[in-house]
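Structural description and commentary
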Amino acid sequence: MSNTQAFCSQAKVDLMNGLHAMGSSVIRAATTKDVYKAALYEVVAGDKDATTTVFNTTGEVSGTGYTSGGEIVTTATGPQLDSTTAHFTPSASIVYSTVTLSTAFDAVLIYNDTSATKLALSVHTFGSQTVTAGDFTLTMPTDDGTTGLIRIA
Amino acid sequence: MITTIFGEMDENVMDSITTIIVDSEDETVEHIEYRLKKALSHEGADHPVGTLVYDFNQVRKKRVNTIFGFKMDVDALDKHIEVIDNENELTQCPEYRLREERVHDGIIYPAGTLVHRSAHVQLKKSVVAEGAAAMFG
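Predicted, not measured: the structure shown is a model, and the values here were computed from it. (Residues numbered from 1 in each chain as written. Chains lettered and ligands numbered in written order. Predicted model: local features only at pLDDT ≥ 70, side-chain atom pairs only at ≥ 80, totals over all residues. Heavy atoms only, no water.)

1. With respect to the overall build of chain B
Broken down by element type, chain B carries 0 helices and 16 strands. Here the C-alpha atoms of chain B give a radius of gyration of 26 Å, more than 25% beyond the 14 Å that 2.2 N^0.38 yields for 137 residues. Relative to its 137 residues, chain B shows a buried fraction of 31%. A separation threshold of at least 6 residues defines the contact pool for chain B, and within that pool the share at least 24 residues apart is 42%. Within the structure as shown, chain B displays about 8700 Å² of accessible surface, and the carbon and sulfur contribution to it stands at 50%. (Helix = DSSP H or I, 4+ residues; strand = E, 2+ residues; numbered from the N terminus. Rg over C-alpha atoms; globule rule 2.2 N^0.38 Å. Buried < 20%, exposed > 50% of the residue type's maximum accessible area, 1.4 Å probe, protein only. Contact = heavy atoms within 4.5 Å. Areas by Shrake-Rupley, 256 points an atom, 1.4 Å probe, with all protein chains shown as cover.)

2. So, the nonpolar core
Soluble globular proteins: nonpolar side chains tend toward being buried together. Core analysis: the biggest nonpolar cluster contains 32 residues, and L40, Y66, Y96, F105, F126, F136 and L138 of chain A have the highest contact counts within it. Setting aside residues no more than four positions away along its own chain, Y96 of chain A makes contact with A38, A39, L40, Y66, G70, E71, V108, G134, D135 and F136 of chain A. (Core = buried A, V, L, I, M, F, W, Y, C linked by side-chain atoms within 4.5 Å.)

3. Some details on the side chain of D14 of chain A
Residue and element names in this part refer to chain A. One can find D14 in helix α1 (residues 9–16). Buried and without a salt bridge, D14 has K12 as its closest oppositely charged side chain, separated by 12 Å. The contact partners of D14, leaving out residues within four places of it in the chain, are L19 and H20. (Lys, Arg positive; Asp, Glu negative; His and termini not counted. Salt bridge = Lys/Arg side-chain N within 4 Å of Asp/Glu carboxyl O.)

4. Quick notes on the sheet that holds strand β7 (residues 52–61) of chain B
Paired through backbone hydrogen bonds, the strands of a sheet run either parallel or antiparallel to each other. Residue and element names in this part refer to chain B. Ordered in space as β3-β4-β7, the 3 strands form an open sheet in which the pairing is antiparallel. Edge strands, defined here as strands with exactly one partner in the open sheet, are β3 (14–23) and β7. Averaged over all neighbouring strand pairs, the angle between strand axes comes to 20°, with direction disregarded. (Pairing = 2+ DSSP bridges. Axes fitted to C-alpha atoms, helices over the stretch in contact; angles between N-to-C directions.)

5. A short note on the pairing of strand β15 (residues 119–123) of chain B
Only one face of β15 of chain B is buried: it carries A119, V121 and L123 of chain B, and the other face, with H120 and Q122 of chain B, is open. Pairing analysis gives 4 bridges linking strand β6 (residues 120–139) of chain A to β15 of chain B, with the strands arranged parallel. Bridged to T139 of chain A within β15 of chain B is Q122 of chain B. Taken together, the 4 bridges between strand β11 (residues 89–98) of chain B and β15 of chain B define a ladder with antiparallel strand orientation. Bridge assignment links L90 of chain B to a residue of β15 of chain B, and that residue is Q122 of chain B.

So yeah, pure geometry; function would need other evidence.
In structure tokens form, the structure reads like this:
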């Protein structure tokens, strides 16, 4: 058996769980997991991408039944390891019930609602949508190392 | 009273079991069974507890929220489903439009007016960070 260079697999999960801090970190109030929310963004805003750092209301959808900041993401199942890939997927669909969103939107920002600055986690895009007195549902992919919504491979 | 295989019977002497066998965008179909709560002798034959004495399917048409602030039967509306299926998503968007002109709060809404649109997006694509450890030398 020989030594092998590697990004240790468990460390990928530990990063997702906030157990490493190679730079300035924050004082956490508890060991409990953070609350994440999902906010929808209009097509015309067009600036939600890898450079997004925090949640903001610029370009966020508005309409009947939608509350700014979006919906809470269900995180019953925390990050897991599948072979050498850490993965995390919300454990339930994200549902915006009985909303009217007349201006086209095509992105959802998942962000940390517990953090003081509402740190951005990920952006997911889909075909341009509008909703009229209906539901908007985001159904999650299978939570594994191949299709999980957020992965560190 | 319910008409069973034994004739008219009081509902209270039976257990009813409801099973949803279809639950689609347009309708729910329930299968309803009535079974004996107690053993019964009828015309010289014994029928144990649980004997199925009557069953039927009940169809309930779905209703959808509308721009009018109340739900409407889907039967009164024209339905169209837009489907997007690509590497990023599988999306279904059911739309319901007025089949006939409707007046609501003094406003005329012509046939074809969009009164309900939902969107159900199945996300397929992950966001991935690649972990790498550098080799020295």
